[in-house]
Amino acid sequence: MGQIITQVDAFTNIPFAGNPAAVCVLLTPQDERWMQNVAQEMNLSETAFLVRQDDGFNLRWFTPMVEVPLCGHATLASAHVLWSEGHLSPNEAARFYTKSGVLIAKLQGEWIELDFPVNHSQETIAPPELREALGVRYKSVLQNSLAYLVELESEDLVRQMQPNFQLLKTLPVSDVIVTSIASLDLNYDFVSRFFAPGVGINEDPVTGAAHCCLAPFWRDRLHKDELSAYQASSRGGVVKVRYTGGDRVFLAGQAVTVMRGELITA
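Read on for an overview of the structure. (Residues numbered from 1 in each chain as written. Predicted model: local features only at pLDDT ≥ 70, side-chain atom pairs only at ≥ 80, totals over all residues. Heavy atoms only, no water.)

**So, the pattern of salt bridges**
By the definition in use, this model includes 13 salt bridges. One salt-bridge network, held together by shared partners, links Glu32, Arg60, Glu67 and Lys99. (Salt bridge = Lys/Arg side-chain N within 4 Å of Asp/Glu carboxyl O.)

**Quick word on the pairing of strand 15 (residues 226-231)**
Within strand 15, five of the six residues are buried, which leaves the element mostly enclosed by the surrounding structure. Across three bridges, the pairing between strand 13 (residues 190-196) and strand 15 is parallel. Looking at the pairing, Phe190 lines up with Ala229 of strand 15. When strand 15 meets strand 16 (residues 237-242), the two strands line up antiparallel, connected through six bridges. (Buried < 20%, exposed > 50% of the residue type's maximum accessible area, 1.4 Å probe, protein only. Helix = DSSP H or I, 4+ residues; strand = E, 2+ residues; numbered from the N terminus. Pairing = 2+ DSSP bridges.)

**As for the pairing of strand 8 (residues 111-117)**
Of all seven residues in strand 8, five are buried, a share of seventy percent or more. As paired strands, strand 7 (residues 101-108) and strand 8 are joined by five bridges and run antiparallel to one another. Along strand 8, the bridge assignment pairs Leu107 with Ile112. Where strand 8 and strand 17 (residues 248-253) come together, six bridges link them in antiparallel fashion. Looking across to strand 17, one finds that Pro117 is bridged to Arg248.

**What about the side chain of Thr98?**
Tracing the sequence through the fold places Thr98 in strand 6 (residues 94-98). Among the residues examined, Thr98 registers a relative accessible area of 15% and is labelled buried. Reaching out from Thr98, the side chain makes a polar contact with the backbone oxygen of Gly101 at a distance of 2.8 Å. Among residues more than four places away in sequence, those in contact with Thr98 are Leu59, Trp61 and Leu103. (Polar contact = N/O pair within 3.5 Å; in protein donor to acceptor, adjacent residues only side chain to side chain. Contact = heavy atoms within 4.5 Å.)

And the structure:
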């Protein structure tokens, strides 16, 4: 059998929602150019490549354009593949060695919990072009190592806004998380969207890394350690967030396999 690649919808329990990622548990290590070519061919927001190590897996993530240092939904998808395809037993934790350090995933019933580094934000003075690019008024703007974090006045604004992606690309920081307190569905504490035109993804459907930033932001405002979040993209997805302070945040989501095939070359 040749190299298998699996497509998984992450942060959802139904097909064709959440955030799709491709996952390759490599039979043999491959060079960076080959992995980037596969990611470009898959044309999903992320393709994950795993190589088994003694006590875990080396994990790398590629968009169709570049390698990225951290990706939540493709890590969730990778853990799902390891358990569902028999690489790990359900009672084994998935240990990933990545450019963002060691990441742990655990299967908890129908949910997968990820142990990720928290990403704190600081208040910043945003360029005036940011307001023009987003096309909405905002309450506050912060910045972290991933993106601008922009709080909007309402969930309606988060859902309805239509950014100017070409203008966003010209900003010093082109990636933006927009968020507000949830008001339309009381099952959630907050909603968000994530725009990343700088890495070739105008809008990411559901973004684990963004919730590493959103966790401390909303914990400070809502005074809750456990939060339920909805990323209001056209596909939509649910993220459970647990943050009690410190340098780690726990994100939980569900995942479903939608496609599995064999690469012609490897």
